[in-house]
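If you want the building blocks of each chain, they are given just below.
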Amino acid sequence: MAAGVAAMCKKTYKKILVIRVLGIGEAVMFGPTLKCLRQNYPDAEIHLMTGKLLGGFFLDSALVDKTVEVDEGRLLSKDPLFVLGLARRLRKANYDLVI
């Protein structure tokens, strides 16, 4: 396991997606993780997938380049058309790393 993490840290990623920060408390606690990602991959484009209510929380942050806002209600309801559309949208974005 540790060897896999070490290999991941040596790799260069151009586009990273961080999935799902739910509440404001989690968003605040998640800051150090985003900071670590930005320090280790300064040239990467970092996107954060979050609920619509928190999308604006990260807009002015230098840690995130873009937010991918998701309707949490539809996601949690497991609406197959919504989930399929989201999967297609994420695949089209061609991320190198998804966390």
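Now for a look at the structure at hand. Bear in mind that the values here come from a model prediction, so they are computed numbers and not experimental data.

## Quick word on the pattern of salt bridges
Turning to step 1, where the next piece is worked out: Summed over all chains, the structure comprises one salt bridge.
Turning to step 2, where the next piece is worked out: With a closest N to O distance of 2.9 Å, Asp65 and Arg38 form a salt bridge. Residue Asp65 is found in the loop between strand 2 (45-51) and strand 3 (66-70), and its partner Arg38 is found in helix 2 (residues 24-40); the two are separated by 27 residues along the sequence.
Turning to step 3, where the next piece is worked out: Relative accessible area serves as the criterion here: at 14%, Arg38 is assigned to the buried category.

## Overview of the nonpolar core
Turning to step 1, where the next piece is worked out: By size, the foremost hydrophobic cluster in this structure holds 13 residues, and its most contacted members are Ile16, Val18, Leu34, Leu37, Tyr41 and Leu48.
Turning to step 2, where the next piece is worked out: No other element matches helix 2, which puts three residues into this core.
Turning to step 3, where the next piece is worked out: The next biggest cluster of nonpolar side chains, apart from the first, holds ten residues, and it includes Val68, Val70, Leu75 and Tyr95.

## Here's the deal with the pairing of strand 2
Turning to step 1, where the next piece is worked out: With six of seven residues buried, strand 2 is to be regarded as a mostly interior element.
Turning to step 2, where the next piece is worked out: Across five bridges, strand 2 lies against strand 3 in parallel orientation. Its bridge partner lying in strand 3, Gly51 is registered against Val70.

## Considering the packing of aromatic side chains
Aromatic ring pairs are defined here through the distance separating the ring centres and the angle between the ring planes.
Turning to step 1, where the next piece is worked out: Evaluation of the coordinates by the stated rule reveals one aromatic pair.
Turning to step 2, where the next piece is worked out: When the ring of Tyr13 is compared with that of Tyr41, the centres are 5.4 Å apart and the planes differ by 70 degrees; the resulting orientation is edge-to-face. Here Tyr13, found in the loop between helix 1 (2-10) and strand 1 (15-21), pairs with Tyr41, found in the loop between helix 2 and strand 2; they are 28 residues apart in sequence, far enough to count as distant.
Turning to step 3, where the next piece is worked out: A cation sits over an aromatic face here: Lys15 above Tyr95, 5.4 Å from the ring centre.

## Some details on unusual backbone geometry
Turning to step 1, where the next piece is worked out: Positioned with a positive phi, Asn94 is a non-glycine residue whose angle comes to about 55 degrees.
Turning to step 2, where the next piece is worked out: Residue position: Asn94 is located in the loop between helix 4 (80-93) and strand 4 (97-98).

Criteria and cut-off values
- Within every chain, residues take consecutive numbers counted from 1 along the sequence as written.
- Local features are withheld for residues below a pLDDT of 70 in this predicted model, meaning they are given only at 70 or higher, and side-chain atom pairs are given and counted only at 80 or more; totals for whole chains, interfaces and linings count all residues.
- Each side-chain value is derived from all of the structure's non-hydrogen atoms; neither hydrogens nor water enter the calculation.
- Take a side-chain nitrogen of Lys or Arg and a carboxyl oxygen of Asp or Glu: if they are within 4 Å of each other, that pair is a salt bridge.
- Numbering goes from the N terminus for both helices and strands, where a helix is a DSSP run of H or I of at least four residues and a strand is a run of E of at least two.
- Each residue's exposure class comes from its accessible area (1.4 Å probe, protein chains only) as a fraction of the maximum for that residue type: buried when under 20%, exposed when over 50%, partly exposed otherwise.
- Note on terminology: a nonpolar core comprises buried Ala, Val, Leu, Ile, Met, Phe, Trp, Tyr and Cys residues joined through side-chain atoms within 4.5 Å.
- Strand pairing requires that DSSP identify at least two bridges connecting the strands.
- Any Phe, Tyr or Trp ring, taking Trp's six-membered ring, that has another such ring centre within 6.5 Å forms a pair; planes under 30 degrees apart are called stacked, those over 60 apart edge-to-face, and the others tilted.
- Placement of a charge over a ring requires the Lys NZ or Arg CZ to be within 6 Å of the ring centre, with the centre-to-atom vector within 35 degrees of the ring normal.

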